Amino acid sequence: MQTQQQIVQWQEKDWMQQILVMLKHQSSEYAIAVTEANCAQVRQTMQRMLNETLAEQADCYQIMSRQGWYPAAPVANRQELHKSIQTHRQDAQTTMHAIQAAGLQGALQHIGNSGQPFGVSQQNGIGQQWRQPQPWQTAPNRQADQGSGAWQNAQPWQQTTQGGVQAADQQSKWQPQQQPQAGHYQPWQSDHRYQ
Amino acid sequence: MQPLTSKELNYVNDMLGGEDLLIKLCVSAQSNILQPEAQQFLHHVIGVHQRRHDELVHILEQHESIAH
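Residues numbered from 1 in each chain as written. Chains lettered and ligands numbered in written order. Predicted model: local features only at pLDDT ≥ 70, side-chain atom pairs only at ≥ 80, totals over all residues.

(A) Focus on the overall build of chain A. Counting its regular elements, chain A contains four helices and zero strands. Of the regular secondary structure in chain A, the N- to C-terminal order runs α-α-α-α. Counting over 195 residues, chain A shows a buried share of 14%. Within chain A, residue pairs in contact and separated by at least 24 positions form 48% of the contacts whose partners lie at least 6 positions apart. (Helix = DSSP H or I, 4+ residues; strand = E, 2+ residues; numbered from the N terminus. Buried ≥ 20, exposed ≤ 12 C-beta atoms within 10 Å, placed from the backbone. Contact = placed C-beta atoms within 7 Å.)

(B) How the structure looks around the overall build of chain B. Within chain B, the regular secondary structure consists of two helices and zero strands. Here chain B has a C-alpha radius of gyration of 15 Å; the compact-globule value for 68 residues is 11 Å, and the former is much larger. Principal-axis analysis of the C-alpha atoms gives chain B an extent of 50 × 15 × 10 Å. Burial analysis of chain B (68 residues in total) assigns 28% to the buried set. (Rg over C-alpha atoms; globule rule 2.2 N^0.38 Å.)

(C) Seen up close, the interface of chain B and chain A. Listed per partner, the contact involves 28 residues of chain B and 28 residues of chain A. The dominant element in the side of chain B that touches chain A, judged by the number of residues it contributes, is helix H1 (residues 6-30) of chain B, at eleven residues. Grouping the constituent residues of the side of chain B that touches chain A by class yields 15 nonpolar, seven polar and six charged. (Nonpolar A, V, L, I, M, F, W, Y, C, P; charged D, E, K, R; others polar.)

(D) Examining the environment of A:Gly106 more closely. Residue and element names in this part refer to chain A. Relative to the helices and strands, Gly106 is located in the loop between helix H3 (78-101) and helix H4 (126-129). Linking Gly106 and Ile32, residues 74 residues apart in sequence, is a C-alpha distance of 29 Å. Among residues more than four places away in sequence, those in contact with Gly106 are Met96 and Ile99.

(E) Geometry of the confidence of the model for chain A. Residue and element names in this part refer to chain A. Of all residues in chain A, 60% have pLDDT values of 70 or greater, and the mean over the chain is 75. A low-confidence stretch, residues 143-152 stays under pLDDT 50, and its non-local contacts, those more than four residues away or across chains, total 19 contacts. Every residue in residues 154-180 is under pLDDT 50, and counting partners more than four places away or in other chains gives 41 contacts. (pLDDT = per-residue confidence, 0-100.)

(F) Up close: H1(B). An ideal rise of 1.5 Å per residue puts 36 Å on 25 residues; H1(B) measures up with 36 Å between its terminal C-alpha atoms. Taken together, the buried positions of H1(B) are B:Glu8, B:Tyr11, B:Val12, B:Met15, B:Gly18, B:Glu19, B:Leu22, B:Cys26 and B:Ala29. Its buried side turned inward, H1(B) meets helix H1 (12-36) and helix H2 (40-67) of chain A together with helix H2 (36-64) of chain B. (Expected span 1.5 Å × (residues − 1).)

(G) The arrangement of the environment of B:Pro3 in detail. Within the secondary structure layout, B:Pro3 lies in the segment before H1. With near-sequence residues (within four places) excluded, B:Pro3 lies in contact with B:His63, B:Ile66, B:Ala67 and B:His68.

(H) Spatial organisation of the packing of H1(A) against H1(B). With their axes 10 Å apart at the nearest point, H1(A) and H1(B) run at an angle of 165° to one another. Classified by the angle between their axes, H1(A) and H1(B) sit roughly antiparallel to one another. Here H1(A) and H1(B) pass one another in a crossing that is left-handed. Judged by residue contacts, A:Trp15, A:Met16, A:Gln18, A:Ile19, A:Met22, A:Gln26, A:Glu29, A:Tyr30, A:Ala33 and A:Glu36 of H1(A) engage B:Lys7, B:Glu8, B:Tyr11, B:Asp14, B:Met15, B:Gly18, B:Leu21, B:Leu22, B:Leu25, B:Cys26 and B:Ala29 from H1(B). (Axes fitted to C-alpha atoms, helices over the stretch in contact; angles between N-to-C directions. Parallel < 35°, antiparallel > 145°, perpendicular 65-115°, else oblique. Left-handed = near helix turned anticlockwise from the far one by under 90°.)

Below you can see the structure in the form of structure tokens.
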């Protein structure tokens, strides 16, 4: 009886999948490295490399998706989504009352389905608040050589080729983020389908 | 610039290993992938990972002078 030997050969999508997995792993590792950094220069470097790796992972995924090398993710059920929204709105209400009871101001004046995306609220400008240095970030005993608020300032990966700094809330919209040199997109980034 | 802690050194070592592995993986992938867009991407990121690896080694070199 002859035994059939099946030679397992990686297809193109398998190679890309492996790279994608590694990029995801490397991103997690960079995130931890940021939090474990003691020296400000090391932290800034790790944070920059984290963001670069995330952008590269996004590009890799985009290419795989266009080639049909990545299975389409199942879509969330509307009912489940609605249930989530209700639960979390209730939590936010409870928490808000607790904040008020503690005599604190908090960020929100009311919880409601205002339809405003996070950070665009006219009442509080949460998105804008993230960008301003806070008192504890400008304390004099912070390392003076790197600047205490250095990583509060706009970082290169937050500037698109359209110019300007993206507010924190806009970064949830997925678009090619890998910062190209001299303002040119890489060939695989020329598809603006996802913008 | 502060002297590197042992923990920081460990993480830099880990990240260096990761970048090196990614380079090797991308090089192998490139010789096995024919799709042009993926080819271009791989060719580009090999250089990016090399640059990142180099930068991390440079950080170690910079901190060597202030190490105890």
